[in-house]
Amino acid sequence: MRVVVAMMKHETNTFSPVATPLERFEPAWGGAAVAAYRGTGTAFGAFLDLAEREGAEIETPVAAEAWPSGPVPDGVYGALADAICAAVARGCDAVLLDLHGAMVTESLEDGEGELLARLRALAPDAVIGVALDFHGNLSEKIVGNADVVAGYKTYPHIDLHRTGEQVGGIVFAALKGAVKPVMVWGNRPMLPHVMRQATEDAPMRGLIAEAAAQERAGALAVSVFAGFPHADIHDAGLSVVAVTDGDAERARGCRDRLLDQAWQHRGGFVYRGEAAAAAIARARQLGDGPVLLLDHSDNCGSGGTQDDMTVLSEILAQGLEDVVAFAVHDPAAVASLVEAGVGARISLDLGGRTPMPALGLPGRPLAVSGTVRTITDGTFTIRGPMYTGVRVSMGRTVVLDTGGVEIVVIERHHEPWDTGCLTSLGIDPALKRFIMLKSRVHFRAGFQPLVRHIVECAGNGVTTSDYAKLTFTRVRRPIYPLDEA
Ligand SMILES: [Zn+2]
């Protein structure tokens, strides 16, 4: 038995000005993919475990994942997709893919759908299984060219490995003739706000519970995809995929029950933010810490520039003390701070390097003064529940202490979901009065257990949940809540 296992993941924010070169994917080609991801809490890691257990001959053309950013250049997409296609063209019984589901390229609205159509043409008889992110924007092209599709049931995403086991398990059972997967999908015209998508909060909690109940009752895999609204494409939004053992009618029933439930609760997926100035003034009055100040409009984990200074400047202006802020992405500032050295007192313009044309905003740096406290290479291994065991790098990392605020300045985008991003710098977040994080929901994986209060601060950025700030031109209309119905 020959199995091709590959990872190609990118969540594309079509409003993001952040570029997506090949290096951003940190592609691990061939055997390097196994070395990078074996034993990790990822779908790719689970695929490797299963295929090895089955005694399969395994080819891993590439494992590549980039931080979310703007559309993927055609050449970059081609390099990754061609490698996977070449491996499948050599012949295989199964293809196991760890994809995202919201990849947009310069020329394609649906990068995953195009890849799967090519693979299906190359290997009409292979069993193709796909693990997708909860934020995938599903399409006919994705579902129609795969045999098994399943997505994460958690946001923060802490079940990547379990999803890989689920998909791989069904694929190997199908290869042995033990099951005959039948798959249906569908969507509703709704764009849930990302800030209202957490799977521990209603109404998403109820949808996930229903999908899990359907699986317990015998469906092979039932997945709710919240969708990624910042990909302005025709099929963006909430969808459901149901896989059963040879029973199409049952699969349609699972799908329709979930889609009806989602539509019925659509009002619960609408988010209205509180402006940063008012939110921070309110946070100041909260007695006990740590208080988490969430800069959710500028989340690099959804394509944010991570250098919008709106929330941080308000924290400084209102004189908050005992604050740690993670993080400002500013490679030029890192270079200046490293050159100044630990202990140096320095004044500089920080952040605001990236104009955001989709919002009509220029970059606005913030003048700050402080002391360089710490310089590291920014690497650490994830110990928390999300991406467990994966080695990550923030690039060279500096802590600049203004007196009231310890500002972490980084060379490479990194969303703070694991406390290692601070503890690796010698900062214990549990001891701070305020923790400012540029994140939306993933911070909950590591930080929620530490904090007493969470205050959501709406700043500026291309991950805004205020749809009025974004101009949608491609998504199908009418769609809720852009067109209230
Ligand atoms: Zn996601």
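Nothing here was measured: the structure is a model prediction, and the numbers come from that model. (Residues numbered from 1 in each chain as written. Predicted model: local features only at pLDDT ≥ 70, side-chain atom pairs only at ≥ 80, totals over all residues.)

Visitor: How should the packing of helix H2 (residues 43-53) against helix H6 (residues 160-175) be read in this particular structure?
Guide: A pair of packed helices can be characterised by two numbers: the angle between their axes and the separation between those axes. Running from N to C, H2 and H6 cross one another at 40°; their axes reach a closest spacing of 7 Å. Considered as vectors, H2 and H6 are oriented oblique to each other. Handedness of the H2/H6 crossing: right-handed. From H2, Ala43, Phe44, Gly45, Ala46, Phe47 and Leu50 reach across to H6, where they touch Leu160, His161, Thr163, Gly164, Glu165, Gly168, Gly169 and Phe172. When the residues that make up the contact of H2 with H6 are grouped by side-chain class, the tally is seven nonpolar, six polar and one charged. (Axes fitted to C-alpha atoms, helices over the stretch in contact; angles between N-to-C directions. Helix = DSSP H or I, 4+ residues; strand = E, 2+ residues; numbered from the N terminus. Parallel < 35°, antiparallel > 145°, perpendicular 65-115°, else oblique. Left-handed = near helix turned anticlockwise from the far one by under 90°. Contact = placed C-beta atoms within 7 Å. Nonpolar A, V, L, I, M, F, W, Y, C, P; charged D, E, K, R; others polar.)

Visitor: Explanation requested: the environment of Glu114 in the structure shown.
Guide: In this structure, Glu114 sits in helix H4 (residues 111-122). A count of 20 C-beta atoms within 10 Å places Glu114 in the buried class. Those residues in contact with Glu114 that lie beyond four places of it in its chain are Leu108 and Lys141. (Buried ≥ 20, exposed ≤ 12 C-beta atoms within 10 Å, placed from the backbone.)

Visitor: Would you take a moment to explain the domain arrangement of the protein chain for this structure?
Guide: Often the size quoted for an interface is simply the accessible area lost on bringing the parts together. Split into domains, the protein chain comes out as domain 1 (2-269) and domain 2 (276-464). Between the C-alpha centres of domain 1 and domain 2 there is a distance of 30 Å. At the interface, 23 residues of domain 1 touch 26 residues of domain 2. Its residues assigned to classes, the side of domain 1 that touches domain 2 comprises eleven nonpolar, eleven polar and one charged. (Domains from an automatic or database assignment.)

Visitor: What should I look at first to understand unusual backbone geometry in this one?
Guide: For residues besides glycine, phi is generally negative; the peptide bonds are generally trans as well. Put simply, Gly289 and Pro290 share a cis peptide bond, and its omega is -10°. Take Pro290: it is sitting in the loop between helix H9 (276-284) and strand E11 (291-295). A cis amide bond links Arg477 to the next residue, Pro478, at an omega of -5°. Relative to the helices and strands, Pro478 is located in the segment after strand E20 (453-457).

Visitor: Could you clarify how one ought to interpret the sheet that holds E11 in this entry?
Guide: Whenever strands of a sheet pair, they do so through backbone hydrogen bonds, lying parallel or antiparallel. The mixed open sheet is built from eight strands, whose spatial order is E13-E14-E17-E18-E12-E19-E11-E20. Only two strands of the sheet have a single neighbouring strand rather than two, namely strand E13 (345-350) and E20. Across the sheet, the mean angle from the axis of one strand to that of its neighbour is 30°, orientation sign disregarded. Across the sheet, H9 lies against E11 and E20, angled at about 160° from E20, the strand it touches most. (Pairing = 2+ DSSP bridges.)

Visitor: So what exactly am I meant to see when it comes to the pairing of E11 here?
Guide: Within a regular strand, the side chains alternate between the two sheet faces. Counting buried residues in E11 gives five out of five residues, a clear majority hidden from the surface. Of the two faces of E11, the one holding Val291, Leu293 and Asp295 and the one holding Leu292 and Leu294 are both buried throughout. In this structure, E11 lies alongside strand E19 (residues 434-437), joined through four bridges in parallel fashion. Within the sheet, the bridge partner assigned to Leu293 lies in E19 and is Met436. As defined by bridge partners, E11 adjoins E20 across five bridges and the pair is classed as parallel. Bridged to Leu292 within E20 is Ile454.

Visitor: Looking at this structure, I do not really get helix H3 (residues 74-89). What am I missing?
Guide: Every α-helix carries 3.6 residues per turn, so stepping three or four residues along brings you back to the same face. Helix length check: H3, at 16 residues, gives a terminal C-alpha distance of 21 Å against a target of 22 Å (1.5 Å per residue), a fit within 8%. Of all the positions in H3, only Val76, Tyr77, Leu80, Ala81, Ile84, Ala87 and Val88 are classed as buried. Lining the buried residues of H3 we find strand E1 (2-9), strand E3 (57-59), strand E4 (62-65), strand E5 (94-99) and H4. One or two positions beyond H3, positive phi appears at Gly91, with a value near 100°. (Expected span 1.5 Å × (residues − 1).)

Visitor: What is the right way to read the sheet that holds strand E8 (residues 181-187) from this model?
Guide: An order of E8-E10-E9 is seen for the three strands of this open sheet, with the pairing classed as antiparallel. Since the sheet does not close on itself, it has two edges, and those belong to E8 and strand E9 (221-225), each with one partner. Neighbouring strand axes in the sheet, compared pairwise and without regard to direction, differ in orientation by 10° on average. Relative to strand E10 (residues 239-245), E8 runs antiparallel, the two sharing seven bridges. The partner of Met183 across the bridge, within E10, is Val243.

Visitor: Looking at this structure, I do not really get the pairing of strand E17 (residues 397-401). What am I missing?
Guide: For E17, the buried fraction is high: four of the five residues fall into the buried class. Examined bridge by bridge, E17 and strand E18 (residues 405-410) share five bridges and lie antiparallel to one another. Bridging across to E18, Leu400 finds its partner in Ile407. If you look at the hairpin formed by E17 and E18, you'll find three residues sitting between the two strands, and Gly403 has a positive phi there, around 110°.

Visitor: I tried to follow the confidence of the model for the protein chain on my own but got confused; where do I start?
Guide: In regions of low pLDDT, the predicted coordinates are not meant to be interpreted in detail. For the protein chain, per-residue confidence averages 97 on the pLDDT scale, and residues scoring 70 or more make up 100% of the total. Mean pLDDT in the protein chain bottoms out at strand E16 (residues 391-393), which sits at 94, and peaks at strand E6 (residues 127-132), which reaches 99. (pLDDT = per-residue confidence, 0-100.)

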